[in-house]
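Each chain is listed here by its residues.
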Amino acid sequence: MTGAFPQLRLRRLRRTETIRALTAETSLGPANLVYPLFIAESGPPRHPLAGMPGQYRFGAAAAAEEARAAADEGVTAFLLFGVPDKRDSAAAAATNHDGPAQNGLRAIRAAVPDSVLIADVCLCAYTDHGHCGVPRSDGTVGNDEALPLLTAQAVSFADAGADVVAPSDMMDGRVAAIREGLDRAGHSHTAVMPYAVKYASAFYGPFREACDSAPGSGDRRSYQMDVRNTDEALREARLDLAEGADMLMVKPAMTSLDIVRRISRQFGVPTAAYHVSGEYAMVMAAAEQGHLDADLAFVETALAIRRAGARMVVTYAARRIARALNGGIIGR
Ligand code: PBG
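All values derive from a computational prediction rather than experimental measurement.

A. Spatial organisation of the pattern of salt bridges. As enumerated under the stated definition, the model contains 18 salt bridges in all. Of the charged contacts in the structure, one is a salt bridge between Asp-163 and Arg-109, with a shortest N-O distance of 2.7 Å. With a gap of 54 residues between them, Asp-163 in the loop between helix H4 (147-159) and strand S8 (164-167) and Arg-109 in helix H3 (residues 100-111) connect regions that are remote in the sequence. Arg-221 is the partner of Asp-219 in a salt bridge, and the nearest nitrogen-oxygen pair spans 2.9 Å. Residue Asp-219 is classed as partly exposed on the basis of its relative accessible area of 35%. Counted as one network, the salt bridges with shared partners bring together Arg-46, Glu-66, Glu-73, Arg-319 and Arg-323.

Have a look at this one:
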C-alpha cells in the first residue's frame with residue numbers, strides 16, 4: 001500500500017535546510033515589511049517608548065535617519081504617525097503644513113527617495129477628545145462630520161509626499177470621501193489603504209501611550225469592530241473596495257489570521273496585517289525575561305502572517321526581522 005507509512009514519510013522533505021528551502025511554501029523578505037514610525041512635533045530627537053522597548057518617538061530629522069538605516073537593511077516602506085503638540089476639537093493640527101507627519105514625510109522622502117511612505121489618517125491623536133470621529137453632545141461619536149476632517153488630513157499628507165494614505169478611524173464612508181478629495185486635489189496617484197478590518201482591541205495599549213491618543217472618555221467600540229465577528233469583516237472589506245480602496249489592512253494580526261486568510265482569498269487585493277504595539281510588547285517582555293528569542297519569535301510571527309495570506313506585514317520589529325533575515329536566520 002502506498003500513500004501511508006512506512007512508504008510515505010513526510011520527514012524526507014525536512015532533512016536538510018536546502019531541501020526545506022526548496023520546498024517552502026511561504027517566503028519572507030525585508031521588502032514585505034512596513035515599519036511604523038512615530039513623529040513628534042517637539043521633544044528630543046529620540047524619545048524612548050516605555051511600553052515598546054527599542055521603539056521611539058522621533059523628531060522629523062531623526063525619523064529620516066532611522067528610515068535611512070532601515071532602508072540600508074532592506075526595509076523601504078514606512079507607516080507614519082504624527083504626534084502634534086496642540087489638539088483641539090476640530091483637529092486643526094492635522095492639516096498643518098509643518099505638522100509632524102508632514103515634516104516627517106518630507107524629511108524621509110529626502111533621505112530615502114524611493115521609499116513607500118504611508119501616512120496614518122485618523123483624528124484621535126489630533127483632537128482634545130481622543131476619538132477617531134467627532135463626539136456629539138449626546139455622548140455618541142459622529143460619523144459624517146468626521147469625513148471632511150479626515151479628507152483634509154489625507155490631502156495634506158498627500159501634499160507632503162505620502163504615496164499611500166491609511167485611514168484607521170473606522171468611520172463609514174471615509175474611503176469614498178478621501179478618494180474623491182485626493183482626486184479633486186490632483187492626487188489621483190495617491191493610493192488608499194484603509195484599515196478595513198480593525199477590531200476594538202486590548203492590544204493597542206502601548207500605541208495609545210506612544211501617541212497619547214487614548215479617548216478622554218468612553219471607548220472605541222461604537223466604531224471599531226467586535227472581535228466576535230468575521231462576516232462583518234468581509235462586508236467592511238467589500239465596502240472599502242467598492243469605495244475605491246487600493247489595498248486593505250487588517251489588525252491586530254495574530255488574533256485575526258482567519259480574517260487575513262478570508263480577505264486575501266476572497267478579494268485577491270494586496271492585503272496588509274498589522275502586528276500591533278501590544279503584540280510587539282508581549283514578545284519583547286517575554287524576551288527580556290529570558291523566556292524566548294525575540295528574533296526567532298518575530299520571524300516566526302511574520303511568516304505566519306504571510307502564510308495566512310498577507311502580502312505586507314506592518315511591524316515595529318521590521319528592522320530586527322530584516323537584520324535577522326539578512327543574517328540567514330531562517331536557514332539556521
Ligand atoms: C489610530 C490608530 C491606532 C493604532 C493604529 N492607528 C490606535 C487606536 O485605534 O486606538 C494602533 C496601532 C498599534 O497598536 O500598534 N486610530
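B. Spotlight on the packing of aromatic side chains. Under the criterion given, the structure shown has 10 aromatic pairs. Here Phe-38 and Tyr-316 contribute two aromatic rings whose centre-to-centre distance is 6.0 Å and whose plane-to-plane angle is 15°, an arrangement assigned as stacked. You can see Phe-38 sitting in strand S1 (residues 33-40) and its partner Tyr-316 sitting in the loop between strand S13 (312-315) and helix H11 (318-326), a full 278 residues away along the chain. Judged by its relative accessible area of 1%, Phe-38 is buried. Residues Tyr-280 and Phe-298 carry aromatic rings whose centres are separated by 5.5 Å and whose planes lie at 20° to one another, so their mutual orientation is stacked. In this pair, Tyr-280 is assigned in helix H9 (residues 277-288) and Phe-298 in helix H10 (residues 294-308), connecting sequence segments 18 residues apart. Taking relative accessible area as the criterion, Phe-298 reaches 2% and is therefore assigned buried. One aromatic cluster in this structure is built from Phe-38, Phe-81, Tyr-195, Phe-207, Tyr-274, Tyr-280, Phe-298 and Tyr-316. Seen from the ring of Tyr-204, Lys-251 lies directly overhead, with NZ or CZ sitting 4.6 Å from the centre.

C. Spatial organisation of the state of the cysteines. Within this structure, the stated rule accounts for zero disulfides. Unpaired in terms of disulfides, Cys-211 finds its nearest cysteine sulfur in Cys-124, a separation of 7.1 Å.

D. Summary view of the site of the ligand. The environment of the ligand is made up of 19 residues, and the closest members are Lys-198, Arg-208, Lys-251, Ser-277 and Tyr-316. One nitrogen or oxygen atom from the side chain of Gln-224 is found 2.9 Å from an oxygen atom belonging to the ligand. Between an oxygen atom of the ligand and a side-chain N or O atom of Ser-277, the distance comes to 2.7 Å. When the free accessible area of the ligand is taken as 400 Å², the share hidden by the protein chains comes to 100%. Elements with a minimum of two residues in the shell around the ligand: strand S10 (195-198) and helix H6 (205-211). For the shell around the ligand, the residue count by class is 11 nonpolar, three polar and five charged.

E. Highlighting the pairing of strand S4 (residues 77-83). Of all seven residues that make up S4, seven are buried, and the element is covered over most of its length. Here S4 shows no split at all, with Ala-77, Leu-79, Phe-81 and Val-83 on one side and Phe-78, Leu-80 and Gly-82 on the other all buried. Looking at chain direction, S1 and S4 are connected through seven bridges and run parallel. Counterpart to Val-34 in the pairing with S4 is Ala-77. By the bridge criterion, four bridges tie S4 to strand S5 (residues 116-121) in an arrangement that is parallel. Across the sheet, residue Leu-79 finds its bridge partner in S5, namely Ile-118. The β-α-β motif built from S4, the intervening H3 and the parallel element S5 has right-handed crossover chirality.

Thresholds applied
- Residues numbered from 1 in each chain as written.
- Predicted model: local features only at pLDDT ≥ 70, side-chain atom pairs only at ≥ 80, totals over all residues.
- Heavy atoms only, no water.
- Salt bridge = Lys/Arg side-chain N within 4 Å of Asp/Glu carboxyl O.
- Helix = DSSP H or I, 4+ residues; strand = E, 2+ residues; numbered from the N terminus.
- Buried < 20%, exposed > 50% of the residue type's maximum accessible area, 1.4 Å probe, protein only.
- Phe/Tyr/Trp six-rings, centres within 6.5 Å; stacked < 30°, edge-to-face > 60°.
- Lys NZ or Arg CZ within 6 Å of the ring centre and 35° of its normal.
- Disulfide = S-S within 2.5 Å.
- Near = heavy atom within 4 Å.
- Polar contact = N/O pair within 3.5 Å; in protein donor to acceptor, adjacent residues only side chain to side chain.
- Areas by Shrake-Rupley, 256 points an atom, 1.4 Å probe, with all protein chains shown as cover.
- Nonpolar A, V, L, I, M, F, W, Y, C, P; charged D, E, K, R; others polar.
- Pairing = 2+ DSSP bridges.
- Right-handed = clockwise from strand over helix to strand, strands pointing away.

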